[in-house]
Amino acid sequence: KQWYQRRVRGETGFCKQPLPLVVFFIQLALNFAWVLIFGKAHDLLGGAIEILVLWVAIVATMVLFFRVKKWTALPLFPYLVWVTFATCLSWSIWSLNRDNPNI
């Protein structure tokens, strides 16, 4: 019963440590921004730079989640793998088309 009361009052987990959730929502906004920069605005270099920032934010989120509860970082691992692949693609697309700004 004591464990349940501590959970409900927010004395443990993410309620006591809001920074991981703040960083999570920042990386979520960065994810949305990449779609707008790379896909909508066709800014290849801006998208490539932005996705690197997103990758760092995902790693930071995973580290912060791990510090709260070890298992909470695990569901973000496939997302990190996907963003790593998308980062490689973004940089490749930019490097192959840097002389053609009309893409």
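What comes next concerns the included structure. Every value quoted in this text rests on a predicted model; they were computed, and no experiment measured them.

About the criteria used
- Residues numbered from 1 in each chain as written.
- Predicted model: local features only at pLDDT ≥ 70, side-chain atom pairs only at ≥ 80, totals over all residues.
- Heavy atoms only, no water.
- Phe/Tyr/Trp six-rings, centres within 6.5 Å; stacked < 30°, edge-to-face > 60°.
- Helix = DSSP H or I, 4+ residues; strand = E, 2+ residues; numbered from the N terminus.
- Buried < 20%, exposed > 50% of the residue type's maximum accessible area, 1.4 Å probe, protein only.
- Expected span 1.5 Å × (residues − 1).
- Arc of directions from axis to C-beta.
- Contact = heavy atoms within 4.5 Å.
- Core = buried A, V, L, I, M, F, W, Y, C linked by side-chain atoms within 4.5 Å.

## Remarks on the packing of aromatic side chains
The description of an aromatic ring pair rests on the distance of the ring centres and on the angle between the ring planes.
Turning to step 1, where the next piece is worked out: Taken as a whole and assessed by the stated rule, the structure comprises 5 aromatic pairs.
Turning to step 2, where the next piece is worked out: Taken together, a centroid distance of 5.0 Å and an interplanar angle of 10° make the contact between Trp34 and Phe38 stacked. Of this pair, Trp34 and Phe38 both sit in helix α3 (residues 19–40), 4 residues apart, roughly one helical turn. You'll find Trp34 and Phe38 in the same group, each marked buried.
Turning to step 3, where the next piece is worked out: On the basis of an interplanar angle of 45° and a centroid distance of 5.7 Å, the ring pair of Trp82 and Phe85 is categorised as tilted.

## Digging into helix α5 (residues 77–97)
Turning to step 1, where the next piece is worked out: Here α5 contains 21 residues, and its C-alpha end-to-end distance of 30 Å stays within 8% of the 30 Å for a straight helix at 1.5 Å per residue.
Turning to step 2, where the next piece is worked out: Within α5 the residues assigned to the buried category are Tyr79, Leu80, Val83, Ala86, Thr87, Ser90 and Trp94. One side of α5 carries all its buried residues, which in axial view fall inside an arc of 125°. Turned more than 90 degrees from where α5 packs its buried face, Pro78, Trp82 and Leu96 sit exposed.
Turning to step 3, where the next piece is worked out: Here the buried face of α5 lies against α3 and α4 (44–68).

## Here's the deal with the side chain of Thr87
Turning to step 1, where the next piece is worked out: Tracing the backbone shows Thr87 in helix α5.
Turning to step 2, where the next piece is worked out: Relative accessible area serves as the criterion here: at 9%, Thr87 is assigned to the buried category.
Turning to step 3, where the next piece is worked out: Apart from the residues lying within four places of it in its own chain, the contact partners of Thr87 are Ile51, Leu52 and Trp55.

## Describing the environment of Val35
Turning to step 1, where the next piece is worked out: Of note, Val35 is situated in helix α3.
Turning to step 2, where the next piece is worked out: Taking the C-alpha atoms as reference points, Val35 and Glu50, 15 residues apart in sequence, are found 10.0 Å from one another.

## Some words on the nonpolar core
Turning to step 1, where the next piece is worked out: Core analysis: the largest hydrophobic core is formed by 17 residues, its most contacted members being Ile51, Leu54, Ile58, Met62, Leu76, Tyr79 and Val83.
Turning to step 2, where the next piece is worked out: Elements supplying a minimum of two residues to this core: α3, α4 and α5.
Turning to step 3, where the next piece is worked out: When residues of this core are assigned to their parent elements, the largest contribution, 7 residues, is made by α4.
Turning to step 4, where the next piece is worked out: Those residues in contact with Leu76 that lie beyond four places of it in its chain are Phe24, Thr61, Met62 and Phe65.

So yeah, pure geometry; function would need other evidence.
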